[in-house]
Amino acid sequence: MRTIGIALGWGSLLLLAACDLTGGRTGATASSYDAPAASEPADAQPAAAAPAGDWYGGDMHVHTDHSSDGSGPRQLLDQRGPANVSVADQIGEAATQGLQWLPLTDHRTYAQHYDPLWESSDLLLIPGEEANGSPHANPLGAVDSIVQGSVPEGRPEWSRLQTSIWDAHAQGAAWSHNHPDDGHMNDDNTLNERANAVGADTVEVWNKGSGIERELLYAEAQWNRGFRFAGVGASDNHFRELWKIAGPGTPVTHVFAPQLTERGVIRALRAGRVSVNVRELATPFVTLSGDFDGDQVFEAINGDEVVAPTATAGVLRARIRNGLGATLLVHASPGGESGVIASFPITALDAQFEIPVTTDGSDQWFYAEVRGPGEVDSVDTSALDDPTVLLQPDTGTDERRAISAPIFVGPRLAQARGAEPVPADIGVDDGAVAVLGKAGEFYAFPDVAVSGAKVHVVAEKHSASGTHVVYAEPDAVERDLAPESQAARFPKVVTSGADVWVAWQDERAGQIPRRPAIYLRHSGDHGATWEPEILVRALAGRAEKPDLALLPDGRPVLVWQEIAAERAFDVMVQVLGEAGEPQNLSAAGKSIVPYDGIDTRSAIYPASVWPRVAVDSAGRIAVVFQDNRLDPDPLWTSQPITGEDNSTEADNYDIGVVVRDAEGTWSELQLLGSDERFDSHPDAAFAPDGRLMVVWDSKEMRAAGANLSIRWSTSVDGGRSWSATDDVSAIAESAEHMSQYPRLGITANGAIEAVWYDNRAADWRWRVMRSRFNGESWGEADLLMSPGVNTWPAVDQGVLVFAGTRLAQRAQRDLTQSIWRLDGG
């Protein structure tokens, strides 16, 4: 039997067979469409297991009143009217329409996730954002806003789109181009320079409020140029007034995933295993599978890439549920009017068709579409001044009802061929050693702790449907520290002598509703063996993003952010072994404005997030976090009446600092940073001489087009007073480039060291920078020219770890990211 390679989103080929669209409906949340099992030839070799999973329906693109134009009254009244579409409104409507998962993709903000209303027991909530000033894109599954900076001199405009894609992928997020007819195409339907960016996982080909025929033209043109992504659907809903005709779930994007988890949905999107239909309930649904080795087993499903020799005879199988009276069209490259290779009337509620095809040695693609009578497939926004349009969907006789992602077939995995290529990687061998990961595997968010000659590294590992906290023993053997969990994230590690402690965030009970808890685990023998896990904090809310330090007596100090119903996000601290509940470090002085029943934005909960902790040899504890309590309308842009005159385009976050002295008394909150800047992602460290250093990233108060830089401030009196934090307090600032997510460490000789990732390299790639404090100022920063995209650095005792893509073999659909260690910096 000839083997056929099926690439599922990474560079190495996986050998699959028996890959029909299988998996029965396992519960009320699963949309599963069972295909009849194909018979296996008597002489066939044992087939690989068919992919386990179900089809789960969601909406890629939904807004709330956290967007600057996120409701009808706000747009009509120049952002000064009351809002009427809250986070809870959109979540509730999505659940009513039968969706199983939902991101809320508000414009250039992450604030919607800090709203107490970001909560559901009915569907899976996934982090999302509509990023960029232009063109718009949705990173789904990112850990914070993907900031679009300015374009450095000498680079094309689309370079900032490319660096944004790399940034999202470094976090394990899926990247989706939104409404490409408005952003990636010229008026004559040709592609503009933004179409050169490589690596988008999905592209909207069915945005309810856009030109979906032009969107499909864009997708087909890109597929013909070797770009590999799935087409997705999105309501792009801003207004509750349009729920009837273009609310959440019109259309529905279905993903084929092993489980309904955040990682399952994101991985399915990145692998392109997608099918879209007009609505979730009782409307046509189409899937496509392919057999390209003649064994009557359909190895590929829509979204997959098949590597097959020229002149291979294959068979496509299209299956349609609920399509009675409609027509199936099968499209093939190069697309357009000449691209329909088969057309069938659908005469049964469960219909199946087979279409023979032959490979021709080019990069081919095939997708299925169902068209027929029903509600209009897109909304003419110019007609919305007619009130009757808002009451009932208009209908037509030849409307798109459903569409599948393509199956891609070629003699090799396709390479994207833009009009202008991404610059070649100019990275050089840096001597770094791979600690975790090999080709086809994804690791991120590493941390490192050094005790003598022992180096302890932890990181987050992604699987097809889960996330895992793994520890690299000093001999580089990988250990899963939370083997009972499929949703462990964001590990931090500290060590002293033989003691090693690791803390992480964990959703092992499931993700509907989202209930992350904080866990801790200890080893007393340098990581050789581990004691049972300790549940530190669980509540009817979310406890997230822990950090960890050790007091001189060896007791761990834990900090994290948490939220519950009708509560703001606050920063909590707990010293292991001290009696009592965790202490809230950020609630004092906050002003909470409750919902008044009129304006859905009037519930104001200032957020304190991204905590970090440091200790010194005297037992002092410093906790830093970002905090927006001084913003005129925390988490929002523009309030009624005052509107933009009393608001900020981006939240005015400052850096909060609280310090506990050696006697156990906490200081009052101090705020560092500038009222004119968005200050975020702090870290702190005590030097051996007692100096306290705080660093963070910062940008102008603009939602897009502003670059982040690294800022700093220092205190020599235990946090009572601080050096200036104005615009001159920057480390290696470049007005044209971006520096973000700084971390601090102490070198072996006691110096403070800062590391971060930065896009100033001539090939645009994110790379690690590091600088050391000489007692008065920061020394010249070193840009490490490691190969690939390099992000999320951490450092201790001069040992640097970071996530990097140097093992990746392909610019698109290759998830490979490993953890690297560099000593002696």
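Everything numeric here is computed off the predicted structure, so don't read it as measured data.

A word on the overall build of the protein
When its secondary structure is counted, the protein shows six helices and 49 strands. Relative to the 2.2 N^0.38 estimate, which gives 28 Å for 825 residues, the radius of gyration of the protein is 26 Å and therefore close to what a compact globule would have. With respect to the principal axes defined by its C-alpha atoms, the protein has extents near 80 × 65 × 55 Å. Expressed as a percentage of its 825 residues, the buried residues of the protein come to 65%. Restricting to contacts in the protein with at least 6 residues of sequence separation, those with at least 24 account for 64%. Put simply, the protein shows about 27,600 Å² of open surface, and 51% of that area lies on carbon and sulfur atoms.

What to know about the nonpolar core
The tendency in soluble globular proteins is for nonpolar side chains to be buried as a group. Counting residues in each nonpolar core, the largest one holds 43 residues, and the members touching the most others are Y114, V143, W175, A607, L635 and W792. Breaking this core down by element, the ones donating at least two residues are α3 (159-170), β23 (442-451) and β35 (608-615). The dominant element in this core, judged by the number of residues it contributes, is α3, at five residues. Not counting the four nearest positions on each side in its chain, V143 is found in contact with Y110, Q171, F445, R489, F490, K545, W610, Y741 and W792. Formed by 38 residues, the second largest nonpolar core is a distinct cluster that contains W101, M185, L269 and F408.

Quick word on the sheet that holds strand β30 (residues 534-537)
Read from one edge to the other, the open sheet built from four strands follows the order β27-β28-β29-β30, with strand pairing classed as antiparallel. Two strands bound the open sheet, and with one partner strand each, they are β27 (488-496) and β30. Sheet twist, expressed as the mean angle between neighbouring strand axes with direction ignored, is 25°.

Notes on the sheet that holds strand β44 (residues 752-758)
With antiparallel pairing, the four strands of this open sheet are ordered in space as β43-β44-β45-β46. Of all the strands in the sheet, just β43 (739-746) and β46 (782-783) have a single pairing partner and so form its edges. Two strands pair when backbone bridges link them, and strand β45 (residues 767-772) and β46 are joined in this way by two bridges, in the antiparallel orientation. Residue pairing across strands places M769 opposite L783, the latter belonging to β46.

Some points on the environment of A622
Mapped onto the secondary structure, A622 falls in strand β36 (residues 621-627). Remark: the alpha-carbon pair of A622 and D661, spanning 39 residues in sequence, is separated by 8.8 Å. Filtering out sequence-adjacent residues up to four positions away, A622 remains in contact with R612, V613, A614, V658, V659, F686 and L692.

Things to note about unusual backbone geometry
Of note, the bond from T250 into P251 is cis; its omega dihedral lies within 30 degrees of zero at 5°. The residue P251 is located in the loop between α5 (243-246) and β10 (252-257) in this model. Put simply, S333 and P334 share a cis peptide bond, and its omega is 10°. When you line up the elements, P334 lands in the loop between β16 (327-332) and β17 (340-345). A positive phi is found at N189, a non-glycine position, where the angle reads about 75°. Mapped onto the fold, N189 is located in the loop between β7 (174-177) and β8 (202-207).

What about the side chain of R743?
Within the secondary structure layout, R743 lies in strand β43. You can call R743 buried: its relative accessible area is 14%. Beyond its immediate stretch of four places on either side in the chain, R743 contacts P446, D447, K492, R612, D683, E753, A754, V755, P793 and A794.

Remarks on helix α4 (residues 212-224)
Spanning 13 residues, α4 covers 18 Å between terminal C-alpha atoms, matching the ideal 18 Å at 1.5 Å per step. Within the sequence span of α4, burial applies to I212, E215, L216, Y218, A219, E220, Q222 and W223. Looking at the packing, one finds that the buried side of α4 touches β7, β8, β9 (230-234), β19 (364-375), β20 (395-404) and β21 (407-410). Among the residues trailing α4, G226 stands out with phi positive, at a value near 90°.

Concerning the pattern of salt bridges
A complete count under the given rule lists 52 salt bridges for this structure. Across the pair K461 and E478 runs a salt bridge, and its minimum N-O distance is 3.1 Å. Taken together, the residues span a long stretch of sequence, with K461 in strand β24 (residues 454-462) and E478 in strand β26 (residues 478-480) at a distance of 17 residues. E478 sits in the partly exposed class, given a relative accessible area of 34%. Across the pair R660 and E578 runs a salt bridge whose closest N-O atoms are separated by 3.2 Å.

Focus: the confidence of the model for the protein
Close reading of the predicted structure is inappropriate where its pLDDT is low. Per-residue confidence for the protein averages 90 on the pLDDT scale, and 90% of its residues sit at or above 70. Under a pLDDT of 50 for its full length, residues 1-49 has, in the predicted model, 144 contacts with residues more than four places off or in other chains.

Side note on the packing of aromatic side chains
The description of two aromatic rings rests on the distance between their centres and on the angle between their planes. Applying the stated criterion across every chain yields a total of 24 aromatic pairs. A centroid spacing of 5.4 Å and a plane angle of 85° characterise the contact between Y114 and F569, whose relative ring orientation is edge-to-face. Placement of the pair is Y114 in the loop between β4 (101-103) and β5 (124-126) and F569 in the loop between β32 (556-564) and β33 (570-575), with a sequence separation of 455 residues. The pair formed by Y114 and F569 is uniform in burial state, with each residue classed as buried. Summarising the aromatic geometry, the rings of W158 and W764 are spaced 5.0 Å apart at their centres and angled 75° between planes, so their arrangement reads as edge-to-face. Here W764 lies in the loop between β44 and β45 and W158 lies in the loop between β6 (137-140) and α3, a separation of 606 residues in the sequence. One aromatic cluster is present, built from ring pairs that chain together F445, F490, W610, Y741, Y757, W766 and W792. Between the NZ or CZ atom of R317 and the centre of the ring of F298, over which it lies, the distance is 3.9 Å. Here the guanidinium or amino end of K545 rests over the ring plane of W610, the centre of that ring lying 5.4 Å away.

Cut-offs and rules
Residues numbered from 1 in each chain as written. Predicted model: local features only at pLDDT ≥ 70, side-chain atom pairs only at ≥ 80, totals over all residues. Heavy atoms only, no water. Helix = DSSP H or I, 4+ residues; strand = E, 2+ residues; numbered from the N terminus. Rg over C-alpha atoms; globule rule 2.2 N^0.38 Å. Buried < 20%, exposed > 50% of the residue type's maximum accessible area, 1.4 Å probe, protein only. Contact = heavy atoms within 4.5 Å. Areas by Shrake-Rupley, 256 points an atom, 1.4 Å probe, with all protein chains shown as cover. Core = buried A, V, L, I, M, F, W, Y, C linked by side-chain atoms within 4.5 Å. Pairing = 2+ DSSP bridges. Axes fitted to C-alpha atoms, helices over the stretch in contact; angles between N-to-C directions. Expected span 1.5 Å × (residues − 1). Salt bridge = Lys/Arg side-chain N within 4 Å of Asp/Glu carboxyl O. pLDDT = per-residue confidence, 0-100. Phe/Tyr/Trp six-rings, centres within 6.5 Å; stacked < 30°, edge-to-face > 60°. Lys NZ or Arg CZ within 6 Å of the ring centre and 35° of its normal.

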